[in-house]
Amino acid sequence: MNDNTRLTLLEKVRNKHDEQSWEDFVDTYRPFIYSVCRRMNVAHYEAEELTQDILLKLWDKLPEFQYEKNGRFRAWLCTVTGNQVKNFFRSHQRREERNKKYFDQSMSDPEIENITEESWKKYAVLRAMDNIRPLFSEKVIKIFELLQEGRRRPEVAELMDVSPNQVSVYKERVLRRLTAEIRRLDQEWG
C-alpha cells in the first residue's frame, strides 16, 4: 500500500460507518499492533485481546487524528499502541498486587480452612440432596425445600394442600434420608 493509499484509507476510516475501509485498516495494521504487543512481552492470548482493544481505541480516536496537529500517523499509532500496552501492564500489576495482598494479608490458614470446610459441607448437602431426590415425590421434595427457605409449617401446608402434620412427617423423612446420605458421602469421600 503506497503513502497516498494509506492517506486515503485514513481519511475513509475517519467515517465510522465505512465498514470496508475499517476492514482494510484492520487488515493493514492488526499484524503490526500484535507484533508490537508480543515484542513488549505480552503473552499470545493477551496480545490478541490487547490488539483488539487497541483497534477499538483507534476506531474511536481516528476521527480526531489530524496530520497538522499529530504529525505522522505511524508515530501516533506507535504512541497509542505503546500507551495501551503500558496501561495493560499497570492494570495487570495492580491486579496481581491486590490478589497477593488479599491472599497474603487478609486470610489466615484457619480462615482458609473454615472457608473450604463450609464450602465442602454445602457441596456435600447439595450432592446428597441430588442423590436422594429420586426416592421422594416432587411434592415431598418441594415441601422440604420450602421449609429450608424459611417458610413456616402452616404456610407450607396451605401452599401444598396438605395438613401441617403431614408437612412435619415429610420433613422428618427427607431429613433422615438426607442425613444418612451425607454420612455415607463423608465416609466414601474420606
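Parameters and conventions
- Counting of residues starts from 1 at the beginning of each chain's written sequence and follows it residue by residue.
- Local features in this predicted model are restricted to residues of pLDDT 70 or higher, and side-chain atom pairs are both shown and tallied only at a pLDDT of 80 or more, whereas totals for entire chains, interfaces and linings draw on every residue.
- Side-chain numbers here rest on the full set of heavy atoms in the structure, without hydrogens or water.
- UniProt positions are given in the numbering used here, feature names are shortened, and annotations may be inferred rather than shown by experiment.
- Axis lines are fitted to C-alpha atoms, over the contacting stretch for helices. Their N-to-C directions set the angle, which ranges from 0 to 180 degrees.
- Runs of H or I in DSSP of at least four residues are treated as helices and runs of E of at least two as strands, each being numbered from the N terminus.
- By the definition adopted for this analysis, an angle is roughly parallel if under 35 degrees, roughly antiparallel if over 145, roughly perpendicular if from 65 to 115, and oblique otherwise.
- Whether two residues are in contact is decided by their heavy atoms, any of which lying within 4.5 Å being enough.
- Under this grouping Gly is polar, as are all residues other than the nonpolar Ala, Val, Leu, Ile, Met, Phe, Trp, Tyr, Cys and Pro and the charged Asp, Glu, Lys and Arg.
- Take the residue count of a helix, subtract one, and multiply by 1.5 Å to get its expected span.
- Summary of the burial criterion: residues with accessible area below 20% of their type's maximum are buried, those above 50% are exposed, and those between are partly exposed, where the area comes from a 1.4 Å probe applied to protein chains only.
- What pLDDT expresses is the predictor's confidence in each residue, scored from 0 to 100.
- By definition, any crossing whose near helix is turned counterclockwise from its far helix by less than a right angle is left-handed, and any crossing with a clockwise turn is right-handed.
- In this text, buried Ala, Val, Leu, Ile, Met, Phe, Trp, Tyr and Cys residues form a nonpolar core when linked through side-chain atoms within 4.5 Å.
- Planes of paired rings set the category: under 30 degrees apart is stacked, over 60 is edge-to-face and the rest tilted, where pairs are Phe, Tyr or Trp rings (Trp by its six-membered ring) whose centres lie within 6.5 Å.

An unreviewed UniProt entry lists the chain under the name RNA polymerase sigma factor SigS, with Lentisphaera araneosa HTCC2155 given as the organism. Per UniProt, the comment on the chain under Function (unreviewed entry) is "Sigma factors are initiation factors that promote the attachment of RNA polymerase to specific initiation sites and are then released. Sigma-S contributes to the protection against external stress, thus playing a role in cellular fitness and survival." As its UniProt record puts it under Sequence similarities (unreviewed entry), the chain is described as follows: "Belongs to the sigma-70 factor family."

J.: Report on the packing of helix H7 (residues 138-148) against helix H9 (residues 164-189), specifying residues and quantitative values.
T.: Two numbers describe how H7 lies on H9: the axes approach to 9 Å, and their chain directions differ by 90°. Judged by the inter-axis angle, H7 sits roughly perpendicular to H9. Within the contact between the two elements, H7 uses Val140, Ile143, Phe144 and Leu147 and H9 uses Val167, Tyr170, Lys171, Val174, Leu175 and Leu178. Looking at the contact of H7 with H9 residue by residue, the class counts come to nine nonpolar, no polar and one charged.

J.: Now, about H9: what can you tell me, with residues and values included?
T.: Taking 1.5 Å per residue as the helical rise, H9 with its 26 residues ought to reach 38 Å, and the 37 Å between its terminal C-alpha atoms agrees with that figure. Turning to H9, its buried residues number three or more, namely Val167, Tyr170, Val174, Leu178, Glu181 and Leu185.

J.: Any chance you could break down unusual backbone geometry for me, citing the residues and the numbers?
T.: Not every positive phi belongs to a glycine, and asparagine 41 is a case in point at roughly 65°. Within the fold, asparagine 41 resides in the loop between helix H2 (19-39) and helix H3 (44-61). For asparagine 41, a relative accessible area of 67% gives the class exposed. A positive phi angle, close to 60°, is found at aspartate 161, a residue other than glycine. With a relative accessible area of 68%, aspartate 161 lands in the exposed category.

J.: Account for the confidence of the model for the chain, naming residues and giving values.
T.: In the predicted model, the chain carries a mean pLDDT of 83, and the fraction of residues at 70 or more is 84%. Confidence over residues 1-5 falls short of pLDDT 50; this stretch has three contacts with residues more than four positions distant or in other chains.

J.: Now, about the packing of H2 against H3: what can you tell me, with residues and values included?
T.: Packing of H2 against H3 brings their axes to within 9 Å, and their N-to-C directions diverge by 135°. Considering the angle they form, H2 stands oblique to H3. For the pair H2 and H3, the sense of crossing is right-handed. For the pair H2 and H3, contact is made by Trp22, Phe25, Val26, Arg30, Ile33, Tyr34, Cys37 and Arg38 and by His44, Ala47, Glu48, Leu50, Thr51, Gln52, Ile54, Leu55, Leu58 and Trp59, respectively. Class assignment for the residues of the contact of H2 with H3 results in 12 nonpolar, three polar and three charged.

J.: Can you tell me about the nonpolar core, naming the residues and giving the values?
T.: Within the largest apolar cluster, 23 residues are counted, with the highest numbers of intra-cluster contacts made by Phe25, Ile33, Cys37, Leu58, Leu62 and Phe73. For this core, the elements supplying multiple residues, two or more each, are helix H1 (3-13), H2, H3 and helix H5 (73-105). In terms of nonpolar packing, the next biggest core, distinct from the first, is built from 19 residues, Phe144, Met160, Val162 and Leu185 among them.

J.: So what's going on with the packing of aromatic side chains? Residues and values would help.
T.: Taken as a whole and judged by the stated rule, the model has three aromatic pairs. Geometrically, the ring pair formed by tryptophan 22 and phenylalanine 25 is stacked, given 5.1 Å between the ring centres and 20° between the ring planes. With tryptophan 22 and phenylalanine 25 both in helix H2 and three residues apart, this pair spans about one turn of that helix. With respect to class, tryptophan 22 is no different from phenylalanine 25; both count as buried. Taken together, a centroid distance of 4.8 Å and an interplanar angle of 45° make the contact between phenylalanine 25 and tyrosine 29 tilted. Linking phenylalanine 25 with tyrosine 29, this pair stays in helix H2, spanning four residues, or about one helical turn.

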